[in-house]
Amino acid sequence: MSTEEAPRPKDEVIRARQKARARIMAWLLAAFIVLLFFITIAKMGLHR
Amino acid sequence: MTKPAALPADWRDLYALTKPGVMRLVVFTALCGLLAAPVMPPAVIGFTAILCIALGAGAAGALNQWYEVDLDSKMRRTANRPLPAGRVDRQTALHFGVGLGAFSVIFMGLAANVLAAVLLAASILFYVLIYTVWLKRRTAQNIVIGGAAGAFPPLVGWVAATGHIGLLPVLLFAIIFLWTPPHFWALSLFVRSDYAAANVPMMPVVAGIQATRRQIAIYSVIMAVAAVAPWPLHLTGAIYGVAAAILGAVFVAMSLMVLANTATEPKLMKPEKRLFAFSILYLFVLFAALVADRWLLA
């Protein structure tokens, strides 16, 4: 018999929400980096 | 008061805090302001500027809901928003709004230019401090003065493209500024009981229904004239001018139907509901005509 308690439903909801938000943040950060890259390229073109 | 939220906020509720419905009109008018400018920035800079304006509008919406949670919980129309429904706690909303606002302004300054960032910051602060905190609960003119906040987007879009303010974007600002009172007063006529229950001094609650209908008609005429003005001033061509004249005539005619209505029951306020729906279409078509004019006649 396992000594660990099975997670309560509320904990599962909390983990699911944290996971969803973390995943969205990761995608947003990746998009931000890509956007910064292209902005830098565009700005270099403007100042040439 | 808001119910305590025991769970971390769902991302969909954070998204709802940004008032996506309002954001659509903000993004569209900002994009039109940018596209109507005489110089085009690189596509990625233009995209980033519009993104920052959208994020800034979202921040203003979140901070507005953070401050107005007590009002929202009293009105049927807003009672199911994330804060009054207890799905997001106030601190999360405050952090989300401030963070989003600061990010949008700083990113606008880095990607586009400082003047656009200053105007974006001014529009967020105007909406939150002048309209939400100061005017909304104190005067029936709340929507008249507060309307300036919603008038900023095309100006910011133009400045993001050009780096300076011109006469045309100032007129675009004036058009939205004058459009806001008839748009919101038409809505406030048929949700009057909501505003009265929440003690918000909207025009129909304070001055009465017929006085509000008169104000709607007066503002509609002034707005229609202001909307045509760029054409005789040679700032736009005939596509915009004719569209503005026709749309303005329809707007004024619908506002006169509102004036002629004597109903006090919301279910009999069909002219008001029609004017409210048309006012949204009006702004979309007017600004689309501006861009079509600029790109087809340039």
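Look above for the structure.
Residues numbered from 1 in each chain as written. Chains lettered and ligands numbered in written order. Predicted model: local features only at pLDDT ≥ 70, side-chain atom pairs only at ≥ 80, totals over all residues. Heavy atoms only, no water.

1. Points about the overall build of chain B
Part 1 of the reasoning: From N to C terminus, chain B includes 13 helices and zero strands.
Part 2 of the reasoning: Rg of the C-alpha trace for chain B: 19 Å, near the compact-globule value of 19 Å for 298 residues, within the 12% margin.
Part 3 of the reasoning: Overall, the C-alpha framework of chain B stretches about 55 × 50 × 25 Å when taken along its three principal axes.
Part 4 of the reasoning: Considering chain B as a whole, with its 298 residues, one finds that 55% of them fall into the buried category.
Part 5 of the reasoning: For chain B, the exposed area adds up to about 12200 Å²; of that, 72% sits on carbon and sulfur atoms. (Helix = DSSP H or I, 4+ residues; strand = E, 2+ residues; numbered from the N terminus. Rg over C-alpha atoms; globule rule 2.2 N^0.38 Å. Buried < 20%, exposed > 50% of the residue type's maximum accessible area, 1.4 Å probe, protein only. Areas by Shrake-Rupley, 256 points an atom, 1.4 Å probe, with all protein chains shown as cover.)

2. What to know about the overall build of chain A
Part 1 of the reasoning: Check the secondary structure of chain A and you find one helix and zero strands.
Part 2 of the reasoning: Residues counted as buried form 8% of the 48 residues belonging to chain A.
Part 3 of the reasoning: Accessible surface computed for chain A: about 4400 Å², of which carbon and sulfur atoms make up 67%.

3. Some details on the interface of chain A and chain B
Part 1 of the reasoning: Contacts between the two partners involve 16 residues from chain A and, on the opposite side, 18 residues from chain B.
Part 2 of the reasoning: Taken over both partners, the interface formed by chain A and chain B buries close to 1400 Å², and the fraction arising from carbon and sulfur atoms is 78%.
Part 3 of the reasoning: If you sort the residues of chain A by the area they bury against chain B, Arg17(A), Arg21(A) and Leu35(A) come out on top, with a joint share of 39%.
Part 4 of the reasoning: Where chain A meets chain B, there are one salt bridge.
Part 5 of the reasoning: When the shortest N-O distance is used, the salt bridge between Arg17(A) and Asp10(B) registers 3.8 Å.
Part 6 of the reasoning: Remark: the boundary between chain A and chain B carries five residue pairs in polar contact (both at pLDDT 80 or more).
Part 7 of the reasoning: Counted by class, the side of chain A that touches chain B contains eleven nonpolar, one polar and four charged residues. (Contact = heavy atoms within 4.5 Å. Buried area = accessible area lost by both parts, 1.4 Å probe. Salt bridge = Lys/Arg side-chain N within 4 Å of Asp/Glu carboxyl O. Polar contact = N/O pair within 3.5 Å; in protein donor to acceptor, adjacent residues only side chain to side chain. Nonpolar A, V, L, I, M, F, W, Y, C, P; charged D, E, K, R; others polar.)

4. Remarks on the nonpolar core
Part 1 of the reasoning: Counting residues in each nonpolar core, the largest one holds 83 residues, and the members touching the most others are Met108(B), Tyr282(B) and Leu286(B).
Part 2 of the reasoning: Excluding residues within four positions of it along the chain, Tyr282(B) makes contact with Trp179(B), Met223(B), Ala227(B), Leu247(B), Gly248(B) and Phe251(B). (Core = buried A, V, L, I, M, F, W, Y, C linked by side-chain atoms within 4.5 Å.)

5. Brief notes about the pattern of salt bridges
Part 1 of the reasoning: One pass over the structure, following the stated rule, counts seven salt bridges over all chains.
Part 2 of the reasoning: A salt bridge links Asp10(B) to Arg12(B); the shortest N-O distance between them is 3.0 Å.
Part 3 of the reasoning: Classification of Asp10(B) by relative accessible area gives buried; the value is 12%.
Part 4 of the reasoning: Note that Lys136(B) and Glu68(B) form a salt bridge whose closest N and O atoms lie 3.1 Å from each other. Residue Lys136(B) is found in the loop between α6 (114-135) and α7 (142-162), and its partner Glu68(B) is found in the loop between α3 (43-67) and α4 (69-74); the two are separated by 68 residues along the sequence. Here Lys136(B) matches Glu68(B) in class, with each residue buried.
Part 5 of the reasoning: Through salt bridges with shared partners, one network takes in Arg17(A), Asp10(B) and Arg12(B).

6. What about helix α8 (residues 167-190) of chain B?
Residue and element names in this part refer to chain B.
Part 1 of the reasoning: The end-to-end C-alpha distance of α8 is 36 Å, a good match for the 34 Å that 24 residues give at a rise of 1.5 Å each.
Part 2 of the reasoning: Largest kink in α8: about 25°, centred on Thr180, with the proline Pro181 one to four residues after it.
Part 3 of the reasoning: Of all 24 residues in α8, 19 are buried, a share of seventy percent or more. (Expected span 1.5 Å × (residues − 1). Bend = angle between axes of the 7 residues up to and from the residue.)

7. A few points about the packing of α6(B) against α7(B)
Relative placement of two packed helices is described by the angle separating their axes and the distance separating the axes.
All names here are of chain B.
Part 1 of the reasoning: Contact geometry for α6 and α7: axes closest at 9 Å, N-to-C directions at 170°. In terms of their interaxial angle, α6 and α7 are classed as roughly antiparallel. The way α6 lies across α7 gives a crossing that is left-handed. In contact with Leu115, Ala116, Leu119, Leu120, Ala122, Ser123, Phe126, Tyr127, Tyr131 and Leu135 of α6, α7 contributes Asn142, Ile143, Ile145, Gly146, Ala148, Ala149, Phe152, Leu155, Val156, Val159 and Ala160. (Axes fitted to C-alpha atoms, helices over the stretch in contact; angles between N-to-C directions. Parallel < 35°, antiparallel > 145°, perpendicular 65-115°, else oblique. Left-handed = near helix turned anticlockwise from the far one by under 90°.)

8. Let's talk about the packing of α8(B) against helix α13 (residues 270-297) of chain B
All names here are of chain B.
Part 1 of the reasoning: Between α8 and α13, the shortest axis-to-axis distance is 8 Å and the interhelical angle comes to 165°. Comparing the axis directions of α8 and α13 gives the class roughly antiparallel. Considering how the two elements wind past one another, α8 and α13 form a crossing that is left-handed. Two secondary-structure elements touch here, α8 through Leu168, Leu172, Ile175, Ile176, Trp179, Pro182, His183, Ala186, Leu187, Leu189 and Phe190 and α13 through Glu272, Lys273, Leu275, Phe276, Ser279, Ile280, Tyr282, Leu283, Leu286, Phe287 and Leu290.
Part 2 of the reasoning: Considered class by class, the residues forming the contact of α8 with α13 number 18 nonpolar, two polar and two charged.

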